[in-house]
Amino acid sequence: CEPRRDVPDVRKNIGQLRKKGSLNLQYDGDLMMWEKIYQREVPRTMEEMGSMLQKEVNSPPDACLLKVAIVGVPNCGKSTLINKLMGWRVCSVSSKVHTTELCARAVRNIGSTQLVFLDTPGLVTPQEITKHNLKRSLMTEAELSLQEADLMAVVHDVSNHFTRYCLQPRVLRLLALYPTIPSVLILNKVDKSKCKQNLLELTRMLTEGVVGGQKSHLVTKKNESLNKEKLIRKTLEKFSETLDHDSSLSSRSVCKSDTSNNKINNSGIQSLEKNSHVSQDESLYGDGLLNTSSDISHLNETDILEGRVHLTEQQVNAFIKDRKSWPKFDEVFMISALEGTGVDDLQHFLCSSALSNPWIFSSQVVTDQNPQEIALMTVREKFLDTFHNEIPYTLRFQVEHWDLSDSELLYIMIKVSCRRRGLTRLMVGGGGGTVSRIAREAEQSLRNTFRTEVDTPTCSKVPYIPNKKT
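Residues numbered from 1 in each chain as written. Predicted model: local features only at pLDDT ≥ 70, side-chain atom pairs only at ≥ 80, totals over all residues. Heavy atoms only, no water.

**Regarding the overall build of the chain**
So, step 1. Each helix and strand in the chain was counted, giving 16 helices and 11 strands.
So, step 2. Taking all 470 residues of the chain together, 42% fall into the buried category.
So, step 3. Partitioning the contacts of the chain with sequence separation of at least 6, the portion at a separation of at least 24 is 71%.
So, step 4. A total accessible area of about 26900 Å² is found for the chain, and carbon and sulfur atoms account for 51% of it. (Helix = DSSP H or I, 4+ residues; strand = E, 2+ residues; numbered from the N terminus. Buried < 20%, exposed > 50% of the residue type's maximum accessible area, 1.4 Å probe, protein only. Contact = heavy atoms within 4.5 Å. Areas by Shrake-Rupley, 256 points an atom, 1.4 Å probe, with all protein chains shown as cover.)

Spelled out as structure tokens, the structure:
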């Protein structure tokens, strides 16, 4: 990746070519693209971040805005998808689960449309929080992002043979809690699917055959040859139904007078019962909220899916108990976030779905992440890919030194602490080889993010400091 100090030369060359009139039209689009890219930057210091976020937002006259919450279970490819949509490495990615711990925003401007991607941590349960020693905030980050989102993009991993045939309860819970937010289903990692035709059947199972409010899969019955016996049997069945219908009409006429008398006698009782249930109905629907019981037998499924009623947590759990699909997705996309297959179609859909609203970030902003948090998550990502089992989840990362020199060199020193002294040798490796390799990989990833030269110290510069036991 080119250092940031080379950016003025690129802009200068473009300006000189324009003045001379020698700018070839066939390369004009590419140069304009690079010019816009270099005008955008990820802040390298807290001062740069503060000044960038405080800049006045100048929206185009026909500005459009779409805030997309990317949700899904851990390790389904949410961060990889955002990096591919951005064309910029702004989110940490690893082969392990729970790489993303904080909700981050990534901003992409396409013409007069601003797309704001909300990268959320994987949906977890309290048991997973305890098992992996994760932050408690992971349980609420995704739900908080939906409160400001215009669209919910559910990423589903089709390469997992155990979970690909149904939506996870954690995903269904968010869909049931926020049914009024438009949602799309993104089938990711299709490059690992051997039989592409199975994806259509998988789509039918996950959407109940309904996409955009219309049946996406029509089941046609095969024509069956009818013999004489079947024809006679069908004729007799229709004839018997006609006789039953006539007999029911005659019985209704006999009981009509008795029914009218009973209605008069029961009218007073019905009025009393109606008044007695008024307070109960008002408690259920008066404020648009339901009681705290888990009983949903009195509710219409269509009303729940359309968001006409608001369910409590207990009622949501009852509603999704035996559910494995969701029939309210507006669109379904089959992509490979790693290879980029189908991502352009998704991007085109997002741009066409943008709402006519002013931008919320200036044209230079790429992400609102704290630069130090980006560095910490990047180093943590490398440790997750290097070590197995629960070891990387027990480590703690802290910024010891952060400096941007006059020569545009970003010097970062990060301390890695662990609970057990015996893990020190494992992390450092023979002759410091393991931690040195991690430092080199982190440097390259941070160069791609900050677009500048980065230097991270090796183990010889960062001694191990164990945590004190209390």
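Now, onward.
**Some words on the side chain of S362**
So, step 1. Among the structural elements, S362 can be located in the loop between α13 (343–352) and α14 (371–386).
So, step 2. Taking the relative accessible area as the measure of exposure, S362 reaches 9% and is therefore buried.

**A look at helix α3 (residues 46–53)**
So, step 1. Of all the positions in α3, only E48, M49 and M52 are classed as buried. Down the axis of α3, the buried set is contained in an arc of 100 degrees. They therefore lie on one face.
So, step 2. In the core, the buried residues of α3 are packed alongside α14 and β9 (396–404). (Arc of directions from axis to C-beta.)

**Topic: α13**
Since the α-helix turns once every 3.6 residues, residues separated by three or four places project in the same direction.
So, step 1. Turning to α13, its buried residues number three or more, namely V343, L346, Q347, F349 and L350. Looking down the long axis of α13, one finds its buried residues gathered within 160 degrees of arc, a one-sided arrangement. Exposed positions of α13 whose direction lies more than 90 degrees from the buried face are D344, D345, H348 and S352.

**With respect to the environment of A106**
So, step 1. Tracing the sequence through the fold places A106 in strand β2 (residues 104–110).
So, step 2. You can call A106 buried: its relative accessible area is 2%.
So, step 3. Apart from the residues within four sequence positions on either side, A106 is in contact with I82, M86, V90, L115, V116, F117, V366 and T367.

**Regarding the sheet that holds strand β11 (residues 453–455)**
To summarise the sheet geometry, strands pair through backbone hydrogen bonds and adopt either a parallel or an antiparallel arrangement.
So, step 1. Taking strand neighbours across the sheet as the criterion, the three strands line up as β9-β10-β11 in an open arrangement whose pairing is mixed. With one partner strand each, in any of the chains shown, β9 and β11 form the two edges of the open sheet. Taken over all neighbouring pairs, the strand axes of this sheet differ in orientation by 25 degrees on average, direction set aside.
So, step 2. As paired strands, strand β10 (residues 409–417) and β11 are joined by three bridges and run parallel to one another. Note that in β11 the partner of Y411 across the bridge is D455.
So, step 3. Where α14 meets the sheet, it contacts β9 and β10, and its direction lies at approximately 130 degrees from that of β9. (Pairing = 2+ DSSP bridges. Axes fitted to C-alpha atoms, helices over the stretch in contact; angles between N-to-C directions.)

Without other data, these values stay purely geometric and don't point to any function.
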